[in-house]
Amino acid sequence: MVGYKNGFLPRQDPLAKLPDRFYALEHLLQNMPIHLPNGGEGLLAKGQLGNAVKDLPQFDVSDITDQRLLSALFRDYTFLASSYLLEPCDIMYRERKSYGIGREILPKNIAIPLSIIANKLNAFPFMEYALSYSLYNYQRTDSTKPVVYSNLKLIRAFAGTPSEHGFILVHVAMVAHSGNLVKYTMETIEATQEKDRAKFNNALKNLSDTMNLINQEMETMWERSNSDDYLKFRTFIMGSKNQPMFPNGVIYEGVSEKPLFYRGESGANDSMIPCMDNLLQITSKLPKNPLTEVLKDFRKYRPTNHKEFLDFVQRSAEEVNVRGYAIQDANSTALYLANMDQIRAFRHRHWNFTKEYIIKNTAHPVATGGSPIVTWLPNQLGTILDQMNKIGQTIDYNKLTPENKIIIDEIVNKVNAQERVLKREVKFLKQQFGSSQDRVVI
């Protein structure tokens, strides 16, 4: 449920341990990571998970209605499903830097309970937003200040390394600020509807400050998760859709005789930037191309309440015309542009992560969600840069406050330079990765 306190995070701490009824599943997951907390090796270290899964009972979950338990079981079965399907790929990558082929059949003792739980949650039976449930104690923080990382504890893991912990932790720390993002999104819509300029400007200022905090949290990824370690656990967050490891998809035994294809974990599953895109009416400005269609496809993988809220924001922003109201006033336009700049900073940082953590270390042409590794993020980053240039040209510079003049000067200079660099980077990397970047599966 989306709210002012929890934002896009669950309202309660996730269950750190499953009830005794699911002891066999809990025991398997605790012994699954490559590196165990006690320093030993887990089942994934030597490819022993596949055999261990054979002894897992097929639990009957049809009677469960408790939301917190359903979310925990969804988390745990998706962690297990990904680990089982991608275990051979991880072993091959560690040995040969090539992924090979994953397991094509998900056994019924995983597939059936996972599908029942996913149906109860109106979710796909594959890892989507499960990482949101893999930490606890995240909401015990002041949302106006950076998150205290020592308050965050990891429940499930694939590799069990500090870098994996940091990778998940930073994502959740960012979303810990989304309560205020939701709050000021609503205030912006309300102020536009009421034609209250002071309230509108105040909401945009607070929204920009919140996004700045989120970007500050994002920046800590460099220190929290070593770029050289990322590929040691990245394998397990890949999907079965548009990945060479699953050319024939995955059969969910006892659920479907037809192969199923699902996207893997992706930043596109998150709801914060789509919320900003919808509020500032940027979504409608995205180019009409296959890459944008992939972005739309990712919308299906969000929690139902997230989808409903994002649809509401997009519909409401269009109805009251947030963009149109902003550009009627020079200083409102400056604040609107400052929020666009926060989106740009987010997407530019994400692009920098992709280059440093992934492209620098592997020639695999597809991102975890199944999109082309080179062209996917620049599609969205290029759009925000283009829209910022257009908005910047509408501002009557002489009507800006001294403070906003400084902001606008900095933003405009930055955007022009970044747009040129991005085009050069994409052109160079497309030559490096070849025709694989022209293949887009929707």
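As recorded by an unreviewed UniProt entry, the chain carries the name Indoleamine 2,3-dioxygenase and is attributed to Rhizophagus irregularis. Listed in UniProt under the heading Sequence similarities (unreviewed entry), the comment for the chain reads: "Belongs to the indoleamine 2,3-dioxygenase family."

**Concerning the pattern of salt bridges**
Summed over the entire model, instances satisfying the criterion amount to 23 salt bridges. In this structure, the salt-bridge partner of aspartate 341 is lysine 414, at a minimum N-O distance of 3.4 Å. With aspartate 341 in helix H14 (residues 330-359) and lysine 414 in helix H16 (residues 402-433), this pair connects stretches of sequence that are 73 residues apart. Look at the salt bridges and you will find they share partners, linking Glu26, Arg75, Asp76 and Arg156 into a network.

**Thoughts on the packing of aromatic side chains**
For the structure on display, the rule yields 19 aromatic pairs. For the pair tryptophan 222 and tyrosine 357, a centre-to-centre distance of 5.6 Å together with 45 degrees between the ring planes defines the contact as tilted. One end of the pair, tryptophan 222, is in helix H8 (residues 221-224); the other, tyrosine 357, is in helix H14, with 135 residues separating them in the sequence. With a relative accessible area of 4%, tyrosine 357 lands in the buried category. Each ring, one from phenylalanine 309 and one from phenylalanine 312, has its centre 6.4 Å from the other, and the planes form 35 degrees; the classification is tilted. With phenylalanine 309 and phenylalanine 312 both in helix H12 (residues 304-320), this residue pair falls three residues apart, about one helical turn. Residue class for phenylalanine 309 comes out buried when judged on its relative accessible area of 11%.

**Quick look at the packing of helix H7 (residues 197-219) against helix H10 (residues 272-279)**
How two helices pack is summed up by the angle between their axes together with the distance between the axes. Contact geometry of H7 with H10 gives a least axis separation of 12 Å together with a crossing angle of 155 degrees. Relative to H10, the element H7 lies roughly antiparallel. Considering only the axes of H7 and H10, their crossing is left-handed. Where H7 abuts H10, its residues Leu207, Met211 and Ile214 lie against Met272, Ile273, Met276 and Leu279. Along the lines of polarity and charge, the residues of the contact of H7 with H10 split into seven nonpolar, no polar and no charged.

**Some thoughts on the UniProt feature "binding site: heme b" (unreviewed entry) in the chain**
The positions UniProt marks with the feature "binding site: heme b" (unreviewed entry) are His350. Structurally, histidine 350 can be placed in helix H14. Using a relative accessible area of 25% as the deciding quantity, one classes histidine 350 as partly exposed. Other than its neighbours up to four places away in sequence, histidine 350 contacts Met218, Gly267 and Leu377.

**Topic: helix H15 (residues 376-392)**
The terminal C-alpha atoms of H15, which comprises 17 residues, lie 25 Å apart, in line with the 24 Å expected from a rise of 1.5 Å per residue. Of all 17 residues in H15, 13 are buried; the element is thus mostly enclosed.

What counts and how
- Residues numbered from 1 in each chain as written.
- Predicted model: local features only at pLDDT ≥ 70, side-chain atom pairs only at ≥ 80, totals over all residues.
- Heavy atoms only, no water.
- UniProt positions renumbered as here; feature names shortened; annotations may be inferred.
- Salt bridge = Lys/Arg side-chain N within 4 Å of Asp/Glu carboxyl O.
- Helix = DSSP H or I, 4+ residues; strand = E, 2+ residues; numbered from the N terminus.
- Phe/Tyr/Trp six-rings, centres within 6.5 Å; stacked < 30°, edge-to-face > 60°.
- Buried < 20%, exposed > 50% of the residue type's maximum accessible area, 1.4 Å probe, protein only.
- Axes fitted to C-alpha atoms, helices over the stretch in contact; angles between N-to-C directions.
- Parallel < 35°, antiparallel > 145°, perpendicular 65-115°, else oblique.
- Left-handed = near helix turned anticlockwise from the far one by under 90°.
- Contact = heavy atoms within 4.5 Å.
- Nonpolar A, V, L, I, M, F, W, Y, C, P; charged D, E, K, R; others polar.
- Expected span 1.5 Å × (residues − 1).

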